[in-house]
Amino acid sequence: MEVLSQASFTGIALALLAYTISILRVAFHPDLRKIPGPFLSRFTLLPLKYHVLSGQRTKYIHGLHQKYGPYVRIAPSEISTSSIEAHRQIHRIGTEFIKAPWYQGQTPTQYDDNTCGVFGLRNQKVAAARRRLFQQAGTKAAVLQWKPVVTGLVKLAIGKIKRDASQGTADVAKWFSLLTSDVLSSLAFGEPFRMVENETKTQLIHDIEQSMIFIGVRQELPWLWYLIMYLPIPSIGRPNDIFKRFDVYSETAVRNTRAAKPGSARTLFSKMVPEDGSQKIPDSVVRDESSNIIVAGSDTTATALTYLVYSVLKHPEIQQKLTAELETCSADPNWEELEAKPYINNVITETLRLYAPVPASLPRVAPQGTVLGGKYAIPGFAVVDTQAYTFHRDAKVFPDPERFDPDRWTNVTTEMREHFQTFGGAIRTCLGQNVARMELLHATSLFFHELPNARLAPTTTDSSMDIIDYFVIKPKSGKCEITLAA
Ligand code: HEM
């Protein structure tokens, strides 16, 4: 017995020693130790994790850049950079940096290498092939086919906002969330879920929201994930039940994509499930893409619209200028007409700068032998982050960066264009930009056309609208209430 306990003690001591050595080897890695940052972050990712869990990761890292400069060690083997040269190197077409393993954990259903939706794909060749199938559905010409769907839903949502506001207050965050989920379900599943019409979220949206919480837990607190996964906790529900429901919903995407008439807009996945039957992508992947796309495209666009309305209503002179420009539009303006109006476009771009819906680090693994920005050698296991939040607040490029100033986009410089990182880096840039742009233009123009006398409700303050970020940002209060001036 005594021999056994002595052996166990020795085993534990050796394991602890090996663990300590591995931590110290990374902490004092000859390349990583040269990168400035908080002393504690050399040994542990706890400070970073604390800020991730409290929805403050982006602001925390921004603060570190202000203190330590353009290269900061934010965790033992994770570096953030705000250098535009380094950004170019990481995200350029042909880069050897690949998405970090974190991405595969982000996909709600499948997370095996190469079997998940495009967002989680790490293999650059597989991702490029999948992106080509999406890109054809995401071109401006292709997206224009959905204009009747988008404008129909926009009219319905703005009508309901007007009704609520005239009776007291309207929560635009709620309505924009229902609107963008309806748009995305039409594009992904081939049919709207009628959330604006029924004024409530469907089970699918509840499931997606809950799955995002599960995903966060799986990434950040794996032990809690196992508890949720294997212990029946009635108030939380079982992830597997949700994931099984995803399979049923996404069957609809595949079915409607196949069933649509030849030549019609069908769904975003038309190129994955071609009419001639030469399908290269298995149904299981199309199913995964369809639920992923709702996550990627709805909250992001809803957040942008919410902060746009908030920012404009906060500045009466901007509201006046925007309303005056919209008065010069035809009764039912199309995309071309709206794109030709400078001020509405400047307002949208400025919102996407100051309130980038995805302001966060886009983690990439560095290839062996990397010298970042010609300055720091980076070992092949290290993760390198770049965050739009910090690029968008570079005072040399955007003077007085915290000020909402649409006019700064009247004369766009190359530097401004390069620092504007709302839709991510070149090689894995957002595939839904045209869809987002169409929604933003139509919803903004109709909102300010129909509600020129809209005002922020007293409940909507700088504090209630302060951002929290869990990859996509949201107002701290979850709401943005408006009312109408007498
Ligand atoms: C204002 C709205 C939007 C913003 C700010 C936004 C932002 C982004 C960003 C920053 C990325 C890059 C992520 C990374 O590299 O880690 C991304 C990727 C992506 N977005 Fe968007 N997005 C928006 C709307 C949409 C919409 C409407 C769709 C779908 C119709 C969509 C589909 C995607 C997809 C599929 C990817 C993955 C691309 C890849 O990994 O190769 N997004 N988006």
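Per an unreviewed UniProt entry, the chain carries the name Cytochrome P450 and comes from Zasmidium cellare.

> Which residues make up the domain arrangement of the chain, and what are the values?
For the chain, the assigned domains are domain 1 (1-30) and domain 2 (31-484). Listed as interface residues are seven residues of domain 1 and, on the opposing side, eleven residues of domain 2. Here domain 1 and domain 2 share an interface that buries about 770 Å² over both sides, 63% of which is from carbon and sulfur atoms. Here domain 1 is connected to domain 2 by zero salt bridges.

> Tell me about the coordination of the iron atom of the ligand, and name the residues and values.
You will see that the iron atom of the ligand has only one donor from the protein, Cys-430 (SG), lying 2.3 Å away. Checked against the element boundaries, Cys-430 lands in the loop between helix H19 (414-419) and helix H20 (433-450).

> Quick rundown of the packing of aromatic side chains? Include the residues and the values.
This structure, assessed with the given rule, holds 14 aromatic pairs. For the ring pair Trp-102 and Tyr-103, a centre distance of 4.9 Å and an interplane angle of 85 degrees mean the geometry is edge-to-face. Connected via pairs of aromatic rings, a cluster forms that spans Trp-102, Tyr-103, Phe-119 and Phe-471. A cation over a ring is seen here: Arg-353 above Phe-398, with NZ or CZ 5.3 Å from the ring centre.

> I'd love a proper account of the sheet that holds strand E9 (residues 454-456), names of residues and values included.
Spatially, three strands are ordered E4-E12-E9 in an open sheet, and the strand pairing comes out antiparallel. Edge positions in the open sheet fall to strand E4 (170-171) and E9, since each of these has one partner strand only. Where E4 meets strand E12 (residues 481-484), two bridges bridge the pair, whose relative direction is antiparallel. Note on E12: the bridge partner recorded for Asp-171 is Glu-481. Across the sheet, helix H8 (residues 147-166) lies against E4 and E12, angled at about 70 degrees from E12, the strand it touches most. Along the sheet, helix H14 (residues 283-314) contacts E9 and E12; its crossing angle with E9, the most-contacted strand, is approximately 95 degrees.

> Give me the nonpolar core: which residues, what numbers.
Ranked by internal contacts, the top residues of the largest apolar core, which has 84 residues, are Ile-161, Phe-176, Leu-179, Ile-294, Phe-447, Phe-448 and Ile-482. What Phe-447 contacts, discounting residues up to four positions off in sequence, is Ile-158, Ile-161, Val-172, Phe-176, Val-309, Ala-454 and Ile-482. Tyr-71, Leu-372, Ala-382 and Val-384 belong to the second-largest nonpolar core, a separate cluster that totals 13 residues.

> How would you explain the UniProt feature "transmembrane region" (unreviewed entry) in the chain if you had to name every residue and give the values?
In this numbering, the UniProt entry assigns the feature "transmembrane region" (unreviewed entry) to residues 6-28. Along residues 6-28 the backbone is 96% helical and 0% strand, and the end-to-end C-alpha distance reaches 32 Å.

> Got a sec to walk through the pattern of salt bridges? Specific residues and values, please.
A side chain of one charge can pair with a side chain of the opposite charge when the charged atoms of the two come close. Evaluation of the coordinates by the stated rule reveals 22 salt bridges. Residues Lys-140 and Glu-336 are paired through a salt bridge, measuring 3.3 Å at the closest nitrogen-oxygen approach. Highlighted residues: Lys-140 in helix H7 (residues 140-144) and Glu-336 in helix H16 (residues 335-339), separated in sequence by 196 residues. Judged by its relative accessible area of 26%, Lys-140 is partly exposed. By relative accessible area, which is 44% here, Glu-336 ends up partly exposed. A salt bridge links Asp-407 to Lys-321, with the shortest nitrogen-to-oxygen separation between them at 3.1 Å. You can see Asp-407 sitting in the loop between helix H18 (388-391) and H19 and its partner Lys-321 sitting in helix H15 (residues 316-327), a full 86 residues away along the chain.

> Give a description of the site of the ligand that names residues and reports values.
In the vicinity of the ligand lie 25 residues, with Lys-99, Tyr-103, Arg-131, Arg-428 and Cys-430 positioned nearest. Side-chain polar atom of Arg-364 to an oxygen atom of the ligand: 2.9 Å apart, as the coordinates give it. No other element matches the five residues that H14 contributes to the shell around the ligand. Within the shell around the ligand, the residues separate by chemical class into 14 nonpolar, seven polar and four charged.

> Tell me about the sheet that holds strand E2 (residues 78-81), and name the residues and values.
Spatially, E1-E2-E8-E5-E3 is the arrangement adopted by the five strands of the open sheet, whose pairing is mixed. Edge strands, defined here as strands with exactly one partner in the open sheet, are strand E1 (71-75) and strand E3 (98-99). The pairing of E1 with E2 spans four bridges and is antiparallel. For Val-72, the partnering residue across the bridge sits in E2 and is Ser-80. The strands touched by helix H3 (residues 57-68) within the sheet are E1, E2 and strand E8 (383-385), with E1 carrying the most contacts at an inclination of about 135 degrees.

> How would you summarise helix H9 (residues 172-189) if you had to cite specific residues and measurements?
Here H9 spans 25 Å end to end across 18 residues, near enough to the 26 Å set by a 1.5 Å rise per residue. Among the 18 residues that make up H9, 17 are buried, leaving the element largely enclosed by the rest of the structure. Where H9 ends, the next residue or the one after it, Gly-190, has phi of about 80 degrees, a positive value.

> Which residues make up the packing of H15 against helix H17 (residues 342-354), and what are the values?
Where H15 meets H17, the closest approach of the two axes is 8 Å, and the angle between their N-to-C directions is 135 degrees. One element, H15, and the other, H17, form an angle in the oblique class. For the pair formed by H15 and H17, the contact residues are Ile-318, Lys-321, Leu-322, Glu-325 and Leu-326 on the first element and Pro-342, Tyr-343, Ile-344 and Val-347 on the second. Residue composition of the contact of H15 with H17, by class: seven nonpolar, no polar and two charged.

> Can you lay out H17 for me, pointing to particular residues and giving the numbers?
For H17, built from 13 residues, the straight-helix expectation of 18 Å at 1.5 Å per residue is met to within 8% by its first-to-last C-alpha distance of 18 Å. Burial analysis of H17 places twelve of its 13 residues in the buried class, which makes it a mostly covered element. For H17, every residue scored as buried is listed here: Tyr-343, Ile-344, Asn-345, Asn-346, Val-347, Ile-348, Thr-349, Glu-350, Thr-351, Leu-352, Arg-353 and Leu-354. Looking at the buried side of H17, the elements it contacts are H14, H15, H16 and H20.

> Give a description of the side chain of Ser-361 that names residues and reports values.
Note on placement: Ser-361 falls in the loop between H17 and strand E5 (364-365). Ser-361 gets classed as buried once you look at its relative accessible area, which sits at 4%. Setting aside its immediate chain neighbours within four residues, Ser-361 contacts Arg-57, Ile-61, Asp-385, Thr-386, Gln-387 and Phe-471.

Calculation criteria
- Every residue gets a number counted from 1 within its own chain, in the order that chain's sequence is written.
- With pLDDT at 70 or above as the cut-off, local features in this predicted model cover only qualifying residues; side-chain atom pairs require 80 or more to be listed or tallied, and sums for whole chains, interfaces and linings still use all residues.
- With hydrogens and water stripped out, all remaining heavy atoms of the structure feed into the side-chain values.
- These domain boundaries are the output of an automatic or database domain assignment.
- Contacts were defined at the residue level, with two residues in contact if any of their heavy atoms lie within 4.5 Å.
- A simple way to read buried area is as the amount of 1.4 Å-probe accessible surface that goes missing from two parts once joined, with both sides added.
- When a carboxyl oxygen of Asp or Glu lies within 4 Å of a side-chain nitrogen of Lys or Arg, that pair is called a salt bridge.
- The donor definition counts N, O and S atoms within 2.8 Å of each metal and applies 3.2 Å to Na, K and Ca; water is not among these atoms, so some sites may look incomplete.
- A run of H or I in DSSP counts as a helix once it spans at least four residues, and a run of E counts as a strand once it spans at least two, with each numbered from the N terminus.
- For this analysis, a ring pair means two rings from Phe, Tyr or Trp (six-membered ring only for Trp) whose centres lie within 6.5 Å, classed as stacked if their planes differ by under 30 degrees, edge-to-face if by over 60, and tilted for the remaining angles.
- Criterion for a charge above a ring: Arg CZ or Lys NZ at most 6 Å from the ring centre, at most 35 degrees from the ring normal.
- At least two bridges found by DSSP between two strands are what make those strands a pair.
- Axes here refer to lines fitted to C-alpha atoms; in helices the fit is confined to the stretch in contact. Angles between the N-to-C directions go from 0 to 180 degrees.
- Among buried residues, those of type Ala, Val, Leu, Ile, Met, Phe, Trp, Tyr and Cys that are joined through side-chain atoms within 4.5 Å constitute a nonpolar core.
- Exposure categories follow from relative accessible area, calculated using a 1.4 Å probe and restricted to protein chains: below 20% of the type maximum is buried, above 50% is exposed, and the middle band is partly exposed.
- UniProt positions are given in the numbering used here, feature names are shortened, and annotations may be inferred rather than shown by experiment.
- Residues are classed as near a molecule or strand on a simple rule: at least one heavy atom within 4 Å of it.
- Side-chain atoms alone can form a polar contact between residues adjacent in sequence; in general such a contact is a pair of N or O atoms within 3.5 Å, and within protein one must be able to donate a hydrogen while the other accepts it.
- For this scheme, ten residues count as nonpolar: Ala, Val, Leu, Ile, Met, Phe, Trp, Tyr, Cys and Pro. Four count as charged, namely Asp, Glu, Lys and Arg, and the remainder, Gly too, count as polar.
- Working rule for helices: expected span equals 1.5 Å times residues minus one.
- If an angle is under 35 degrees, it is roughly parallel; if it is over 145, roughly antiparallel; if it lies from 65 to 115, roughly perpendicular; otherwise it is oblique.

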